[in-house]
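Working through the structure, step by step
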Amino acid sequence: MIIRTELSLTLLRDHQAAIMPAISPLLITGDVGRIVHEVITLAHKRNLINSSNLHEIAGVLTGFNLIESIYSGCGGYCEIDAKNIAISSEYSLINKKLTLCHEMGHAIQVRSGHFDKRTLLLSDLIREEQQAETIGYYLFKALFPSVTPKKEWFSVYFEQSDFVFLRNWYGEYCQNDLYKEPSPTL
Ligand SMILES: [Zn+2]
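The notes below deal with the structure included here. Keep in mind that this is a model prediction, so the values were computed, not measured.

This part is about the overall build of the chain. When you go through the chain residue by residue, the secondary structure sums to eight helices and three strands. Relative to its full complement of 186 residues, the chain shows a buried share of 31%. For the chain, restricting intrachain contacts to residue pairs at least 6 apart in sequence, the fraction spanning at least 24 positions comes to 61%.

The structure is reproduced here in structure tokens:
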């Protein structure tokens, strides 16, 4: 059940988002929408628009510490308990910005209480990633208005192959309620 709050959504919704297949305003529930709006307002107050100081953006806007390092297998992740956002140091600046916005989406989900309520059903985990990606889109658009976002930048976690990736990433912790697993070959 998705509950929409018109007040926050009217501020966030835009036509471009509605026609991007990977980005749906329907994924922004009212509680999350309010926090995204607060974060964007704070960014304006603290002169963090079009800034390249990604550490300051992460710290001021989410309270998470940004770590840049070399990672294999993924370009970034968010450590909920340690309050770290990790981003691949091998990424270009634009990819770092995109990844930061997605991971800040997870930090916002922490603030909205999402992580206290979530299940480990694969369908729930996918929705969580799609929501983080959608939050990332709104954050990117607001924080870096000098760059026009491209559709393909916000398509992760909307394809079947991404579902398989996520299933493998969580392994035994996640319950697959979406597709039949291939039977193990002997
Ligand atoms: Zn994610």
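Still more ground to cover, so stick around.
In a pair of packed helices, the angle between the axes and the distance between the axes together describe the arrangement. Where helix α3 (residues 30-45) meets helix α7 (residues 122-143), the axes come as close as 10 Å, and the angle between the chain directions of the two elements is 25°. Taken together, the axis directions place α3 and α7 in an arrangement best described as roughly parallel. As for how α3 packs across α7, the hand of that crossing is right-handed. Contacts from V32, V36, V39, I40 and A43 of α3 reach α7 at Q131, I135, Y138, L139, A142 and L143.

With a phi close to 60°, N50 is a non-glycine residue in the positive phi region. Relative to the helices and strands, N50 is located in the loop between α3 and α4 (54-62). C-beta crowding within 10 Å serves as the criterion here: with 11 such atoms nearby, N50 is assigned to the exposed category. If you check the backbone angles, K83 has positive phi at about 55° while not being a glycine. With 15 C-beta atoms counted inside 10 Å, the residue K83 sits in the partly exposed group.

Within the largest apolar cluster, 30 residues are counted, with the highest numbers of intra-cluster contacts made by V36, A58, I85, L100, M104, I135 and L139. If you list the elements that add at least two residues to this core, you get α3, α4, β3 (84-88), α5 (93-111) and α7. Beyond its immediate chain neighbours, meaning those up to four positions away, L100 contacts L54, I57, A58, I85 and I87.

With that out of the way, let us pick up the pairing of β3. In the case of a regular strand, side chains alternate between the two sheet surfaces. Examined bridge by bridge, strand β1 (residues 65-69) and β3 share five bridges and lie parallel to one another. Across the sheet, S69 pairs through a bridge with S88, a residue of β3. Bridge count for strand β2 (residues 76-79) against β3 is four bridges, and the pairing is antiparallel. Its bridge partner lying in β3, G76 is registered against I87. Counted between consecutive antiparallel strands, the loop separating β2 from β3 contains four residues, among which K83 sits at a positive phi close to 55°.

It is worth spelling out the sheet that holds β2 at this point. Taken in spatial order, the three strands make up an open sheet running β1-β3-β2, and their pairing is mixed. For this open sheet the edge positions go to β1 and β2, each flanked by a neighbour on one side alone. Between one strand and the next, the sheet's axes are offset by a mean angle of 20°, whatever the strand orientation.

Relative to the helices and strands, T41 resides in helix α3. Distance from T41 to L61, taken between C-alpha atoms, is 9.7 Å for residues 20 residues apart in sequence.

In this section: the packing of α7 against helix α8 (residues 160-170). Between α7 and α8, whose axes approach to 10 Å, the crossing angle comes to 110°. Taken together, the axes of α7 and α8 are roughly perpendicular relative to one another. Crossing of α7 against α8: the hand is right-handed. On α8, the residues that touch L122, L125, I126 and E129 of α7 are F163, L166, R167 and Y170. By residue class, the composition of the contact of α7 with α8 is six nonpolar, no polar and two charged.

Calculation criteria
Residues numbered from 1 in each chain as written. Predicted model: local features only at pLDDT ≥ 70, side-chain atom pairs only at ≥ 80, totals over all residues. Helix = DSSP H or I, 4+ residues; strand = E, 2+ residues; numbered from the N terminus. Buried ≥ 20, exposed ≤ 12 C-beta atoms within 10 Å, placed from the backbone. Contact = placed C-beta atoms within 7 Å. Axes fitted to C-alpha atoms, helices over the stretch in contact; angles between N-to-C directions. Parallel < 35°, antiparallel > 145°, perpendicular 65-115°, else oblique. Left-handed = near helix turned anticlockwise from the far one by under 90°. Core = buried A, V, L, I, M, F, W, Y, C linked by C-beta atoms within 7 Å. Pairing = 2+ DSSP bridges. Nonpolar A, V, L, I, M, F, W, Y, C, P; charged D, E, K, R; others polar.

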